[in-house]
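Chain by chain, the residues run as shown.
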Amino acid sequence: SQTIHQWPATLVQPVGSPLSLECTVEGTSNPNLYWYRQAAGRGLQLLFYSVGIGQISSEVPQNLSASRPQDRQFILSSKKLLLSDSGFYLCAWQSRFGYEQYFGPGTRLTVT
Amino acid sequence: AQSVTQPDIHITVSEGASLELRCNYSYGATPYLFWYVQSPGQGLQLLLKYFSGDTLVQGIKGFEAEFKRSQSSFNLRKPSVHWSDAAEYFCAVGATPGSNYQLIWGAGTKLIIKP
């Protein structure tokens, strides 16, 4: 069966510090991968998606970036965090043959 | 453009009572429709999906949803809620192929259960 992991689970970082969040998927090949953010009390905001290694599409211009160095690894990064980057970050995978997305447990990021 | 509307930000229901969460979509063709549930501090879990066929779909945890094309709706129902159903519920529609099968999300409905 397929599983999706995210780490760390929680992170507290000062403004201006770098960020690296990691997402890995097991049990499937060639998935589409997604990064979402949820601000407190808000819905899902799509940040990035990837249909293959090295292929990244950005939905929202911001100081975040994403990379996909391996087929089942998706990384969210920032060189300098802003207060507005605080939120709950969710990674999801999607089969190439279906619409449904499956989510990881999320990372709670607090920028202080 | 596709869109999803969940008109209720919050809904409060007594434990044991029935539940209906509303979802309306805007889409030019037959949509792919989903309901997800998110417990506090957790990721989203797929409750059920509609692709085609029978318009009443059964999901996990005793939930069902009915697709009504004439009303552009996909409402989620449960005959008797339990305290553990307290969570946020998201409706989503599959966007057109060629946009990499992205999902368009509603804003969510927070379900509060009264004891």
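Relevant structure appears above.
### As for the layout of surface pockets
All names here are of chain B.
Okay, so step 1: In this structure, the largest pocket encloses a volume near 410 Å³.
Okay, so step 2: Secondary structure elements with two or more residues in the lining of the largest pocket: strand 10 (87-94) and strand 12 (109-114).
Okay, so step 3: Looking at the lining of the largest pocket, its residues break down into eight nonpolar, eight polar and four charged.

### Quick word on the pattern of salt bridges
Okay, so step 1: Applying the stated criterion across every chain yields a total of seven salt bridges over all chains.
Okay, so step 2: A salt bridge links Asp71 of chain A to Arg68 of chain A; its shortest N-O distance comes to 3.3 Å. Residue Asp71 of chain A shares its accessibility class with Arg68 of chain A, and that shared class is buried.
Okay, so step 3: One salt bridge in this structure joins Glu64 of chain B and Arg77 of chain B, with 3.2 Å as the shortest N-O distance. Taken together, the residues Glu64 of chain B in strand 8 (residues 64-68) and Arg77 of chain B in strand 9 (residues 73-78) connect sequence positions 13 residues apart.

### Looking at the sheet that holds strand 3 (residues 19-26) of chain A
Residues and elements named next belong to chain A.
Okay, so step 1: Across the sheet, which stays open at both edges, the four strands sit in the order 1-3-8-7 with antiparallel pairing between neighbours. Single-partner strands in this sheet number two, and they are strand 1 (3-7) and strand 7 (64-70). Geometrically, the sheet is characterised by an average inter-axis angle of 20° between neighbouring strands, direction not taken into account.
Okay, so step 2: One ladder, built from five bridges, connects strand 7 with strand 8 (residues 73-78); its direction is antiparallel. Of the residues in strand 8, the one forming a bridge with Ala66 is Leu76.

### What to know about the state of the cysteines
Okay, so step 1: Considering all chains together, one arrives at two disulfides over all chains under this definition.
Okay, so step 2: Covalently, Cys23 of chain A is tied to Cys91 of chain A through a disulfide, its sulfur atoms 2.0 Å apart. Here Cys23 of chain A and Cys91 of chain A share a disulfide; its torsion about the S-S bond, -75°, makes the bridge left-handed. Of the two residues, Cys23 of chain A is situated in strand 3 and Cys91 of chain A in strand 9 (residues 87-94); the sequence distance between them amounts to 68 residues.
Okay, so step 3: A residue is classified by how much of its surface remains accessible, and Cys23 of chain A, at 1% relative accessible area, is buried.
Okay, so step 4: The exposure class assigned to Cys91 of chain A is buried, which follows from its relative accessible area of 0%.
Okay, so step 5: Across the disulfide from Cys23 of chain B sits Cys91 of chain B; the S-S distance is 1.9 Å.

Quick notes on the rules
Residues numbered from 1 in each chain as written. Chains lettered and ligands numbered in written order. Predicted model: local features only at pLDDT ≥ 70, side-chain atom pairs only at ≥ 80, totals over all residues. Heavy atoms only, no water. 1 Å grid on protein atoms, 1.4 Å probe; cavity = no way out; pocket = protein on both sides within 12 Å on 5 of 7 lines; lining within 4 Å. Points joined across faces, edges and corners; volume = space filled by probe spheres on them. Helix = DSSP H or I, 4+ residues; strand = E, 2+ residues; numbered from the N terminus. Nonpolar A, V, L, I, M, F, W, Y, C, P; charged D, E, K, R; others polar. Salt bridge = Lys/Arg side-chain N within 4 Å of Asp/Glu carboxyl O. Buried < 20%, exposed > 50% of the residue type's maximum accessible area, 1.4 Å probe, protein only. Pairing = 2+ DSSP bridges. Axes fitted to C-alpha atoms, helices over the stretch in contact; angles between N-to-C directions. Disulfide = S-S within 2.5 Å.

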